[in-house]
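Okay, here's what each chain looks like letter by letter:
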Amino acid sequence: MIRLAVVSGKGGTGKTMVAAALADISGVPQVLVDCDVDAANLELLFAPRRLTTEEFRGLMAARIDPERCRDCGICVDHCRFGAIVRNDDTWTVDVLHCEGCGVCTYVCPMGAVRMEPRVCGEIYTSVTDRGNLAHARLFPGSGNSGLLVTEVKKRAMSLADGADLLLADGPPGIGCPLIATVSGMDAVLIVTEPGVSALHDLERLVTVCRRFGVRIFVAINRFDLAEDICARIEDYCEREGIVVAGKIPFDPAVLDAVRSGRPVTRSESAATDALRALRNSLFAELGLK
Amino acid sequence: MKITIASGKGGTGKSTVAANLACTLSRSREVALVDCDVEEPNLHLFFPGSTVDVPVTTPVPEIDLARCTFCGECGNFCRFGALSVLKDRILVFPELCHSCGGCVLVCPQKAVREVPRTVGRVACSCPIPRLTLISGVLNEGEVQAPAVIRAAKLLAEGHPLALYDASPGIACPVIETLEGSDACVLVTESTPFGLHDLRLAAEVVERVGISAGVVINRSDGQDEETLEFCRERGLPILMTIPFSREIAAVQNRGGLICRDLPGWEERFAGLFDAIVKIAGVNP
């Protein structure tokens, strides 16, 4: 099975649109996984029917028992995250800031601080008409997004029986959720666009991906909006030995498709033609039929 | 006064709103623009100039092997898997360390001390009069984005007016950026993705307890659902930027519409007035 993640560095370049199109026209047995747990959008295009829902528990959080607390403030002095705050004349833990390290539990002379599990999100498995989907929802403001990505990938693997392709829609950025996404993949497709910000972000993302030894491909979305910067992206890819697997034109059909909640490749358009060509050249490189 | 510019979805135009707002304000007052999207900082592309760089370090454990008895206390305590104690050696994984200091506290031999480890840098510049640009840059392969964000914000302390450009998403980097802000501008686009992610971002801002308003970017006039959501949630619309190839072209090459297209400086000045109103503080 080939494991492919669609990523972008910069947000909003069309990652999910491309991932959904590839899923739609892949023509191979596959399992889908939405690794953008902060803002999971793949499900908006595939109307999944949910099979399972489970709680996602991240690292524990501290809780102070007000009955035992003697107000000494030792925990406050030792917390490096500013997570212990004064509230109505007692010390309480602000879970938004608690990293779950357990230092407060250790230093409290009264044994008044306990670590408790906290639910940071939900993990789902679903069926779509293009294969099984593992996805998740991080509760707003929760940490542990990298951990949640790792968990949702595990669910995808458990659904992958008989699949030739695991296709992941990745998060933006280059931090922990991205690293958790790329780790263990065979290849990444970086969706970029012709803008100075996107090019800058592409270069940083390539540096990170190189550390994981994955094969790197690039797709340039809305390439015709600034042909000069598009040429700079292609020059960069050539210098770095990265295959530009496809170029997708700016096409109002893309927005229409997103608005009606379906992959753009469900109808004919210039973008659909370009996405088919992208699929063919990418799958040929990856040895997929 | 501190203003965060955020969005759930990436690529909605957060940085371009922040850059245009900062550029407009710098015509008449001192402003600090802080790039808190440390995974992919882009503001320096709008404001090129020479920078002074300050490294960002986080404390990580170093083991004094002369004292260590390999008792395993530190490894048992660490919840992040950054220390692994074997029979005759200790493996330290500094990139997993959250710098809580617990290993130093629990070591009965006082064999653990903390040493700084560089995870990124803050680049400071004064690219145009009255504008200080402070960019947090996370090193490639590192995960401690909040530490770099904290350092960048710290360098902006004391500025009477600071704009924080947040990263996309709804997780810890966004919380770190919002901390201490007087108001938050949520930049969205009126697509189902944009609205879905705006809902999440609005929840985060509400949880942190900061007043917020919305900027609709790349509007093609079909904003009804977004407007409806904002009405329900009591989020004022601070500004609407239409979709146009002319605007996209200016932004793609790293230009600023407040400088390059007529009428936009006035509109960004109006955006600031609207933000001041929701913040309810004296700028």
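Considering the overall build of chain B
Move 1: The helix and strand tally for chain B stands at eleven helices and eleven strands.
Move 2: For the C-alpha atoms alone, the extent of chain B along its principal axes is close to 70 × 40 × 35 Å.
Move 3: Counting every position in chain B, which comprises 283 residues, the buried fraction comes to 52%.
Move 4: A fraction of 73% describes how many contacts in chain B between residues 6 or more apart in sequence connect residues 24 or more apart.

Things to note about the packing of helix 1 (residues 15–25) of chain A against helix 10 (residues 270–286) of chain A
Residues and elements named next belong to chain A.
Move 1: Where helix 1 meets helix 10, the closest approach of the two axes is 10 Å, and the angle between their N-to-C directions is 70°. On the basis of their axis angle, the class for helix 1 and helix 10 is roughly perpendicular. Residues A21, L22 and I25 of helix 1 lie in contact with helix 10, whose contacting residues are L275, R276 and R279.
Move 2: Classifying every residue of the contact of helix 1 with helix 10 by side-chain character gives four nonpolar, no polar and two charged.

Side note on the environment of G234(B)
Move 1: Within the secondary structure, G234(B) sits in the loop between helix 8 (224–233) and strand 11 (237–242).
Move 2: In sequence terms G234(B) and G213(B) are 21 residues apart; their C-alpha atoms lie 8.7 Å from each other.

A few points about the interface of chain B and chain A
Move 1: On the side of chain A, 50 residues touch chain B, which itself brings 46 residues to the contact.
Move 2: Elements with a contribution of two residues or more to the side of chain B that touches chain A: helix 4 (102–106), helix 6 (172–178), helix 7 (192–208) and helix 9 (245–252) of chain B.
Move 3: Grouping the amino acids of the side of chain B that touches chain A by side-chain chemistry returns 19 nonpolar, 18 polar and nine charged.

Some details on the domain arrangement of chain A
Interfaces are often sized by the accessible area lost when the parts come together.
Move 1: Domain annotation of chain A identifies domain 1 (2–57 + 121–286) and domain 2 (61–117).
Move 2: For domain 1 of chain A versus domain 2 of chain A, the separation of C-alpha centres amounts to 40 Å.

Focus: the environment of E30(B)
Residues and elements named next belong to chain B.
Move 1: The topology assignment puts E30 in the loop between helix 1 (14–25) and strand 2 (31–35).
Move 2: A tally of 13 C-beta atoms within 10 Å means that E30 is categorised as partly exposed.
Move 3: It is 34 Å that separates the C-alpha atoms of E30 and L195, two residues lying 165 residues apart in sequence.
Move 4: Among all residues touching E30, those that are not within four sequence positions of it are R130, H159, P160 and L161.

Some remarks on the sheet that holds strand 12 (residues 215–221) of chain A
Residues and elements named next belong to chain A.
Move 1: One open sheet accounts for nine strands, arranged 3-8-9-2-10-1-11-12-13; its pairing is mixed. The open sheet has two free edges, formed respectively by strand 3 (49–57) and strand 13 (243–248), since each of these has just one partner strand. Pairs of neighbouring strands in the sheet enclose a mean axial angle of 20°, with direction left out of account.
Move 2: Bridge count between strand 11 (residues 187–192) and strand 12: six bridges; the pairing is parallel. Note on strand 12: the bridge partner recorded for I190 is V218.
Move 3: Seen against the sheet, helix 10 touches strand 1 (2–7), strand 11, strand 12 and strand 13 and runs at an angle of roughly 165° to strand 13.

Focus on the packing of helix 7 of chain B against helix 8 of chain B
All names here are of chain B.
Move 1: With their axes 11 Å apart at the nearest point, helix 7 and helix 8 run at an angle of 15° to one another. The pairing of helix 7 with helix 8 is recorded here as roughly parallel in orientation. The chirality of how helix 7 crosses helix 8 is right-handed. For the pair formed by helix 7 and helix 8, the contact residues are L195, L198, R199 and A202 on the first element and E225, T226, F229 and R233 on the second.
Move 2: Taken together, the residues of the contact of helix 7 with helix 8 sort by class into four nonpolar, one polar and three charged.

Digging into the sheet that holds strand 9 (residues 183–189) of chain B
Residue and element names in this part refer to chain B.
Move 1: Judged by pairing direction, the sheet is mixed, and its nine strands sit side by side in the order 3-6-7-2-8-1-9-10-11 without closing on themselves. Strand pairing shows two members of the sheet lacking a second neighbour, strand 3 (52–63) and strand 11, which therefore form its edges. Strand-to-strand twist of the sheet, defined as the mean angle between neighbouring strand axes without regard to direction, takes the value 20°.
Move 2: Inspection of the sheet shows strand 2 paired to strand 8 (residues 162–165) by four bridges, in the parallel sense.

Some words on the nonpolar core
Move 1: Ranked by internal contacts, the top residues of the largest apolar core, which has 160 residues, are V148(B), L163(B) and L186(B).
Move 2: The greatest single-element share of this core, amounting to nine residues, is contributed by helix 7 of chain B.
Move 3: Setting aside residues no more than four positions away along its own chain, L163(B) makes contact with I3(B), I5(B), A18(B), L21(B), A22(B), V31(B), L33(B) and V34(B).
Move 4: Core analysis: the next-biggest nonpolar cluster, separate from the first, contains 16 residues, A83(A), C101(A), V103(A) and A112(A) among them.

The rules behind these values
Residues numbered from 1 in each chain as written. Chains lettered and ligands numbered in written order. Predicted model: local features only at pLDDT ≥ 70, side-chain atom pairs only at ≥ 80, totals over all residues. Helix = DSSP H or I, 4+ residues; strand = E, 2+ residues; numbered from the N terminus. Buried ≥ 20, exposed ≤ 12 C-beta atoms within 10 Å, placed from the backbone. Contact = placed C-beta atoms within 7 Å. Axes fitted to C-alpha atoms, helices over the stretch in contact; angles between N-to-C directions. Parallel < 35°, antiparallel > 145°, perpendicular 65-115°, else oblique. Nonpolar A, V, L, I, M, F, W, Y, C, P; charged D, E, K, R; others polar. Domains from an automatic or database assignment. Pairing = 2+ DSSP bridges. Left-handed = near helix turned anticlockwise from the far one by under 90°. Core = buried A, V, L, I, M, F, W, Y, C linked by C-beta atoms within 7 Å.

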